[in-house]
2 protein chains.
Amino acid sequence: MKLFLIGTGLIGGSMSKDIRNLIDEVQIHGVDKNQINIKHAKDIGLIDNIDSLKNLNSADRVILSVPVSESLKILPFVLDNLNKDALVWDVGSTKFSLCKSVENHSKRDQFLATHPIAGNEFSGPMASKENLFNGKIQILCQTNKTRPDLLEWAESIFNLMGMKIRYMNPEEHDKKMAIVSHLSHISSFMLGKTVMESEKNDQNILDFAGSGFESTVRLAKSSPEMWSSIFKDNRKNILEILNAYIENLKQFRFKIENENYSDLKSQMIKTNKLKKILDTIKPKN
Amino acid sequence: MKLFLIGTGLIGGSMSKDIRNLIDEVQIHGVDKNQINIKHAKDIGLIDNIDSLKNLNSADRVILSVPVSESLKILPFVLDNLNKDALVWDVGSTKFSLCKSVENHSKRDQFLATHPIAGNEFSGPMASKENLFNGKIQILCQTNKTRPDLLEWAESIFNLMGMKIRYMNPEEHDKKMAIVSHLSHISSFMLGKTVMESEKNDQNILDFAGSGFESTVRLAKSSPEMWSSIFKDNRKNILEILNAYIENLKQFRFKIENENYSDLKSQMIKTNKLKKILDTIKPKN
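Predicted model, so just to flag it, every value in this text is computed and none were measured. (Residues numbered from 1 in each chain as written. Chains lettered and ligands numbered in written order. Predicted model: local features only at pLDDT ≥ 70, side-chain atom pairs only at ≥ 80, totals over all residues.)

Caption draft 1: Focus on the relation of the copies chain A and chain B. Rotating chain A by 180° about the axis while translating it 0.0 Å along that axis superimposes it on chain B, leaving an RMSD of 0.0 Å. Taken together, the rotation and translation relating the two chain copies correspond to the operation of a two-fold axis. When C-alpha positions in chain A are compared against the rotation axis, the closest is assigned to Thr216 of chain A, at 2.1 Å. (Least-squares fit on C-alpha atoms with pLDDT ≥ 70 in both.)

Spelled out as structure tokens, the structure:
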């Protein structure tokens, strides 16, 4: 089987490693406009060959693992060039615009929209690892638009990776992700910015940061290229939840300003409920 | 040696466990107005006896490990009743008001203001553990106001616990902590609140949360009693940094609204610098 990996980063790279372990005689051809990454990918044996999009017609399977703004440009071209029994799936963090972009494509049924919830703050081929997806959620969108035999193959490979498959429509997906993922990244990036601006001598102040700060600011290490693309693509949903977040922060500030500490406390007690909810969810790390 | 532990929670409890391991024949007397916690503390052997503040005059060492609003009430009383060679130290997250509250106390030199940077989202005696402080920062304030022999004893015990001692004045301490700790807690509490409010069916949406959300919202599990007390005590510094945070979030929102993605990206690239800074700090967990 010939697998094309477009984008040799954390998610696509990790998925390729699992596929190599699960399927006999898989040949992995890498495509990446980042010359450093593609060279690393070859050096560490993540891919067998450095290839280009013009040879896509020889692919059996294609993973599209690039920022969503790139996927929007590349996916129609990939479908145009795909042979009749090949499948392409993307792994991006937003699904609505990408599904929309190929809804009338004659080969729409050779595409599967997926979102494995397995990203972290690391990126690039060196961040990829085997077994990343074990126990993680895999969201599939518009599965009725994918050819049944290709969908079945994909579901079975995701199951073999240990993923828990969930089905969702693209609108619902993007709205949920704005809330449980994209907002966290903004809160973390802005926390990092605020703290760094507050002291010119960053090193000194961060010396006194405990594990709480490190945990809260972890996502501020994420890839700016990938995240500016997500913020653009999911703009409407993100603005809605970001407004709610800013409003909550302003209300909290108002309570501190007005020394309404009993309200602050009861609000935190309510939010503590998260502890119970999160504890009932199986660990995802 | 008789050690009084006032407040049988995470920090004081963990410190008592280390002291028991480091010093021969230590007797630990617990005081806690929370009847459930003090019973737990006795049951798990964290303390040897349940005692009360009225017997403080028999103490050699006293750890004051209660919310800062409680410390403000209790510390003068503790000093009043301390025998002449005893030492009391607090372990609270704010230092200015507490130091101020006893600045004219005749036994001021038997008090040491400390802040071990070792808290996490857990609380209560069951959360206490040995060796929690190994490799962590211990901030000492106004050490020149503590009797040299008592200070020397305290520094040596903190060193034996593996702590890295730093010296700071209370104002500087409270300002720095608002930035690197208290703000993170607010951002996390409000993130938890926003996400929980956004869907009535919490369980369902949190099912799709990845490790990023869990990391960012971790501190929303923290103790409301302790944190409302900190927000009150460090109100001025917290309002200042919270204003800066809200302002940064509003600017970020403005950039998304106006589709200024290149600015968003370059801002995130700048914030990525944190990665390098945090990586140079020795892991604190």
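Caption draft 2: Structural detail: the domain arrangement of chain A. Residue and element names in this part refer to chain A. Split by domain assignment, chain A resolves into domain 1 (2–168) and domain 2 (173–280). Placing the centre of domain 1 and that of domain 2 at their C-alpha centroids yields a distance of 30 Å. Taken together, the contacts link 14 residues of domain 1 with 16 residues of domain 2. Residue assignment for the side of domain 1 that touches domain 2 shows that the elements contributing at least two residues are helix 3 (68–81), helix 4 (96–101) and strand 7 (137–141). Among the residues making up the side of domain 1 that touches domain 2, the classes are represented as six nonpolar, six polar and two charged. (Domains from an automatic or database assignment. Contact = placed C-beta atoms within 7 Å. Helix = DSSP H or I, 4+ residues; strand = E, 2+ residues; numbered from the N terminus. Nonpolar A, V, L, I, M, F, W, Y, C, P; charged D, E, K, R; others polar.)

Caption draft 3: Looking closely at the packing of helix 6 (residues 170–198) of chain A against helix 6 (residues 170–198) of chain B. In the contact formed by helix 6 of chain A and helix 6 of chain B, the axes pass within 11 Å of each other and the chain directions differ by 160°. With respect to their mutual orientation, helix 6 of chain A and helix 6 of chain B come out roughly antiparallel. Note that helix 6 of chain A runs across helix 6 of chain B; the crossing there is right-handed. For the pair helix 6 of chain A and helix 6 of chain B, the contacting residues are Ile179, Val180, Leu183, Ser184, Ser187, Leu191, Thr194, Val195 and Ser198 of chain A in the first and Ile179, Val180, Leu183, Ser184, Ser187, Leu191, Thr194, Val195 and Ser198 of chain B in the second. For the contact of helix 6 of chain A with helix 6 of chain B, a count of residues per class yields 10 nonpolar, eight polar and no charged. (Axes fitted to C-alpha atoms, helices over the stretch in contact; angles between N-to-C directions. Parallel < 35°, antiparallel > 145°, perpendicular 65-115°, else oblique. Left-handed = near helix turned anticlockwise from the far one by under 90°.)

Caption draft 4: View of the pairing of strand 5 (residues 87–90) of chain A. Residue and element names in this part refer to chain A. Neither face of strand 5 is left uncovered, since the one carrying Leu87 and Trp89 and the one carrying Val88 and Asp90 both have all their residues buried. In this sheet, strand 5 lies alongside strand 4 (residues 61–64) in parallel orientation, the contact comprising four bridges. Looking at the pairing, Ile63 lines up with Trp89 of strand 5. In this view, the connection linking strand 4 to its parallel neighbour strand 5 by way of helix 3 has right-handed handedness. Both strand 5 and strand 6 (residues 111–116) contribute to a ladder of three bridges, which runs parallel. Residue pairing for strand 6: Asp90 is matched across the bridge by Ala113. Between the parallel elements strand 5 and strand 6, the chain passes through helix 4 in a crossover that is right-handed. (Buried ≥ 20, exposed ≤ 12 C-beta atoms within 10 Å, placed from the backbone. Pairing = 2+ DSSP bridges. Right-handed = clockwise from strand over helix to strand, strands pointing away.)

Caption draft 5: Representation of the environment of Tyr261 of chain A in the model. Its location among the elements puts Tyr261 of chain A in helix 11 (residues 261–271). Discounting chain neighbours no more than four positions away, the residues touching Tyr261 of chain A are Ser228, Phe231 and Lys232 of chain B.

Caption draft 6: The pairing of strand 4 (residues 61–64) of chain B, seen in detail. Residues and elements named next belong to chain B. Along strand 4, one buried face is formed by Arg61 and Ile63 and the opposite face, lined by Val62 and Leu64, is buried too. Relative to strand 4, strand 1 (residues 2–6) is paired through four bridges, and the arrangement is parallel. Note on strand 4: the bridge partner recorded for Leu3 is Arg61.

Caption draft 7: Summary view of helix 11 (residues 261–271) of chain B. Residues and elements named next belong to chain B. For helix 11, the complete set of buried residues consists of Leu264, Gln267, Met268 and Thr271. Relative to the axis of helix 11, the buried residues are bounded by an arc of 100° and lie together on one face. Projecting away from the buried face of helix 11 at angles above 90 degrees are the exposed residues Ser262 and Ser266. (Arc of directions from axis to C-beta.)

Caption draft 8: View of helix 1 (residues 10–22) of chain A. All names here are of chain A. For helix 1, built from 13 residues, the straight-helix expectation of 18 Å at 1.5 Å per residue is met to within 8% by its first-to-last C-alpha distance of 18 Å. When we look at burial in helix 1, the residues that qualify are Leu10, Ile11, Gly12, Gly13, Ser14, Met15, Ser16 and Asp18. On the buried face of helix 1, the contacting elements are strand 1 (2–6), strand 2 (27–31), helix 2 (35–43), strand 4 and strand 6. (Expected span 1.5 Å × (residues − 1).)

Caption draft 9: Expanded view of the nonpolar core. Within the largest apolar cluster, 164 residues are counted, with the highest numbers of intra-cluster contacts made by Val62, Leu64 and Val88 of chain A together with Val62, Leu64 and Val88 of chain B. Once residues lying within four places of it in the same chain are set aside, the contact partners of Val88 of chain A are Val62, Leu64, Val78, Leu79, Leu82, Gln110 and Phe111 of chain A. (Core = buried A, V, L, I, M, F, W, Y, C linked by C-beta atoms within 7 Å.)

Caption draft 10: Structural context of the sheet that holds strand 1 of chain B. All names here are of chain B. What the eight strands build is an open sheet, ordered 3-2-1-4-5-6-7-8; its pairing is mixed. Bordering the open sheet on either side are strand 3 (49–50) and strand 8 (164–168), each of which pairs with just one other strand. Strand contacts of helix 3 (residues 68–81): strand 1, strand 4, strand 5 (87–90) and strand 6 (111–116), with the helix running at about 170° to strand 4, the strand carrying the most contacts. Strand contacts of helix 6: strand 6, strand 7 (137–141) and strand 8, with the helix running at about 140° to strand 7, the strand carrying the most contacts.

Caption draft 11: Quick look at the sheet that holds strand 8 (residues 164–168) of chain A. Residue and element names in this part refer to chain A. Spatial ordering of the open sheet is given by 3-2-1-4-5-6-7-8, a layout of eight strands whose pairing is mixed. Because the sheet does not close on itself, it has two edges, and the strands there are strand 3 (49–50) and strand 8. In the sheet, strand 6 pairs with strand 7 via four bridges, with the strands oriented antiparallel. For Ala113, the partnering residue across the bridge sits in strand 7 and is Cys141. On the sheet, helix 1 packs against strand 1, strand 2, strand 4 and strand 6 and is oriented at approximately 165° with respect to strand 1.

Caption draft 12: Examining the interface of chain A and chain B more closely. Taken together, the contacts link 80 residues of chain A with 80 residues of chain B. Sorting elements by how many residues they give to the side of chain A that touches chain B places helix 6 of chain A first, with 20 residues. For the side of chain A that touches chain B, the per-class residue count stands at 41 nonpolar, 22 polar and 17 charged.

Caption draft 13: Up close: the environment of Asn21 of chain A. Looking at the element boundaries, Asn21 of chain A is found in helix 1. Distance in space between the C-alpha atoms of Asn21 of chain A and Asn131 of chain A is 9.8 Å, their sequence separation being 110 residues.

Caption draft 14: Seen up close, the packing of helix 6 of chain A against helix 10 (residues 235–257) of chain B. Contact pair helix 6 of chain A / helix 10 of chain B: the axes reach a minimum separation of 9 Å and the direction vectors enclose 125°. Classified by the interaxial angle, the pair formed by helix 6 of chain A and helix 10 of chain B is oblique. You can see that helix 6 of chain A and helix 10 of chain B cross each other, and the crossing is right-handed. Side by side, helix 6 of chain A and helix 10 of chain B meet where Ile186, Met190, Leu191, Lys193, Thr194, Glu197 and Ser198 of chain A of the first sit next to Ile241, Ala244, Tyr245, Asn248, Leu249 and Phe252 of chain B of the second. Classifying every residue of the contact of helix 6 of chain A with helix 10 of chain B by side-chain character gives eight nonpolar, three polar and two charged.

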